[in-house]
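Chain by chain, the residues:
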Amino acid sequence: MPGFELFGEEERKHINDVMDTGIIMRYGFDGPRKGVYKSIELEKKITETFGCGYAQLTSSGTAALTTAMSALNIGFGDEVIIPAFTFVASFEAVLSVGAIPVLVDIDETLTLSPDAVKAAITPKTKCVMPVHMCGSMADLDALKAICKEHELILLEDACQAIGGTYKGKALGTIGDAGTFSFDFVKTITCGEGGVVMTNNKDVYTKCDGYTDHGHDHLGVDRGADLHPFIGYNYRISELHAAIGLAQIGKLQTILSIQKRNNHILKSYLQQIPEITFRAVPDAEGDNCSFISWFLPTDTLMHATITEMKEEGIFAGNFYWFSNNWHYIRKWQHLKYVHTLNNISEAQKVALYKFQTQDFSASDAIMSRCISTSISLAWTEEQVHEKGAKMAAAIKKAIANESVIA
Ligand SMILES: *Cc1c(COP(=O)(O)O)cnc(C)c1O
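Bear in mind that the values here come from a model prediction, so they are computed numbers and not experimental data. (Residues numbered from 1 in each chain as written. Predicted model: local features only at pLDDT ≥ 70, side-chain atom pairs only at ≥ 80, totals over all residues. Heavy atoms only, no water.)

Would you mind going over the packing of helix 3 (residues 61-71) against helix 4 (residues 89-96) in detail, with residue names and values included?
As a packed pair, helix 3 and helix 4 sit with axes 9 Å apart at the nearest point and diverge in direction by 40°. The orientation of helix 3 with respect to helix 4, classified from their angle, is oblique. Regarding helix 3 and helix 4, the two cross each other, and that crossing is right-handed. On helix 4, the residues that touch T62, L65, T66 and M69 of helix 3 are A89, S90, E92, A93, V94 and S96. Here the contact of helix 3 with helix 4 is composed, by residue class, of 5 nonpolar, 4 polar and 1 charged. (Axes fitted to C-alpha atoms, helices over the stretch in contact; angles between N-to-C directions. Helix = DSSP H or I, 4+ residues; strand = E, 2+ residues; numbered from the N terminus. Parallel < 35°, antiparallel > 145°, perpendicular 65-115°, else oblique. Left-handed = near helix turned anticlockwise from the far one by under 90°. Contact = heavy atoms within 4.5 Å. Nonpolar A, V, L, I, M, F, W, Y, C, P; charged D, E, K, R; others polar.)

The structure is reproduced here in structure tokens:
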């Protein structure tokens, strides 16, 4: 998964370019910065690499989602449909613009179930936000069709799927807008950072102003800029963009190592007939940062986890069902509205409903699922070793369970 595993001289060089001028802010100071514009350069690289019209860098992936929603006119009282399996940032962003997160079931793609989305649509629904979890994608054709029929906005949270594609197009560039996160553990990192991608110039222009206190960036200097609307500060710094520039240069290398390691490891798991894999709507487009796999029952999965822990080989495996940050089950702060300040009545009512909402369809999938993260640091030999050990532990757990049964 993480690009930080390949940090080297390139990151240092770009950082030094910035430090040589001392201008670590992305706007203004045109004289002293001596032509060094890392953020602008990175935005250009993003549009070229992922094939989108416009890119606006932000201070984080969460800020990118908030920015995209504001630019797409999603706000107070609007409902945004999101999956029950995601990172907390997805609902945080929805809440931050005053909108209402509507959590629905996932299917074996580990992303939004199109049927669950259809069932959740109300007159207040404004946006469908698929989250391309763990490097692979939602069924975008089905979701696009739903959005078209009901005139809804499609906003892709592609924060975990940098470099993934769907039918030849980069994830994050297919909806009305899409976002990446460049936080420390993402496929490529800035340390902290994010981006909104869109093909709509008006949406881009709004993102540009929104992330910088509403500056229209049309004045002769910053003081002369006008403020056509209220914005906030979600700017990225030049130091973060510098790291990102080095990292985007390594993207193809990162993806090819991930693919190699992923396929070797998967070949061991495939030898176990009880294992099935996540449904991938376009197999070519998986960014290969994880292998997500299922066992037939949660009992068997628990036995397998225990066995892998005993063997000391569980690190790097994620059992999301019990995870505090990625699945509805442990989001007590959301279900019981543990906010620091008052939020709208409509938001409160919607959040309290999660206490009793039936997520059994998602539970039935998540309780049998593990995602194994793929390291860039593994040598081919090490992946073979890991694969053999993992397969042995899983087989042992399965054998033991069948004796008990
Ligand atoms: C990482 C992540 C985010 C938010 O990114 P930050 O840069 O950490 O704010 C949003 N959604 C998903 C699915 C993520 O994994």
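Just give me the short version of the sheet that holds strand 9 (residues 194-198), but keep the residues and values in it.
Pairing is mixed across the open sheet formed by 7 strands, whose spatial order is 1-9-8-5-4-2-3. Taken across any chain shown, the strands that pair with only one partner, and hence form the sheet edges, are strand 1 (54-58) and strand 3 (100-104). For this sheet, the mean inter-axis angle between neighbouring strands, taken without regard to orientation, is 25°. (Pairing = 2+ DSSP bridges.)

Tell me about the pattern of salt bridges, and please be specific about residues and values.
Summed over the entire model, instances satisfying the criterion amount to 18 salt bridges. Across the salt bridge formed by D141 and K167, the nearest N and O atoms sit 2.4 Å from each other. One end of the pair, D141, is in helix 6 (residues 140-150); the other, K167, is in the loop between strand 6 (165-166) and strand 7 (169-170), and 26 residues separate them in sequence. Here K167 falls in the exposed class, since its relative accessible area comes to 55%. Here K206 ties to D202 by a salt bridge, and the two come within 3.0 Å at their closest N and O atoms. Taken as a pair, K206 and D202 lie in helix 7 (residues 201-210) at a separation of 4 residues, close to a single helical turn. Taken together, the shared-partner salt bridges connect E10, E11 and K250 into one network. (Salt bridge = Lys/Arg side-chain N within 4 Å of Asp/Glu carboxyl O. Buried < 20%, exposed > 50% of the residue type's maximum accessible area, 1.4 Å probe, protein only.)

Summarise the sheet that holds strand 10 (residues 276-277); cite the residues concerned and give the values.
With respect to topology, 4 strands assemble into an open sheet ordered 10-11-13-12, the strand pairing being antiparallel. Of all the strands in the sheet, the pair left with one neighbour each is strand 10 and strand 12 (317-318). Inspection of the sheet shows strand 11 (residues 290-294) paired to strand 13 (residues 369-373) by 5 bridges, in the antiparallel sense. Residue pairing for strand 13: I291 is matched across the bridge by T372. Together, strand 10, strand 11 and strand 13 form the strand contacts of helix 9 (residues 251-269), whose direction differs from that of strand 11 by roughly 15°. Along the sheet, helix 10 (residues 298-310) makes contact with strand 11, strand 12 and strand 13, crossing strand 13 at roughly 35°.

Can you lay out the nonpolar core for me, pointing to particular residues and giving the numbers?
With 72 residues, the main nonpolar core has M69, V80, F85, L155 and W293 as its most contacted residues. Looking at this core, the element that brings in the most residues is helix 14 (residues 380-404), giving 6 residues. The two domains that each donate at least three residues to this core are domain 1 (3-251) and domain 2 (252-404). Ignoring anything within four residues of it in the chain, the contact list for L155 reads L65, A68, M69, L72, C127, V128, M129, P130, A177 and G178. Among the nonpolar cores identified, the runner-up in size contains 46 residues, and A116, L154, V195 and L376 belong to it. (Core = buried A, V, L, I, M, F, W, Y, C linked by side-chain atoms within 4.5 Å. Domains from an automatic or database assignment.)

In short, the description is geometric, and any link to function would need to be established separately.
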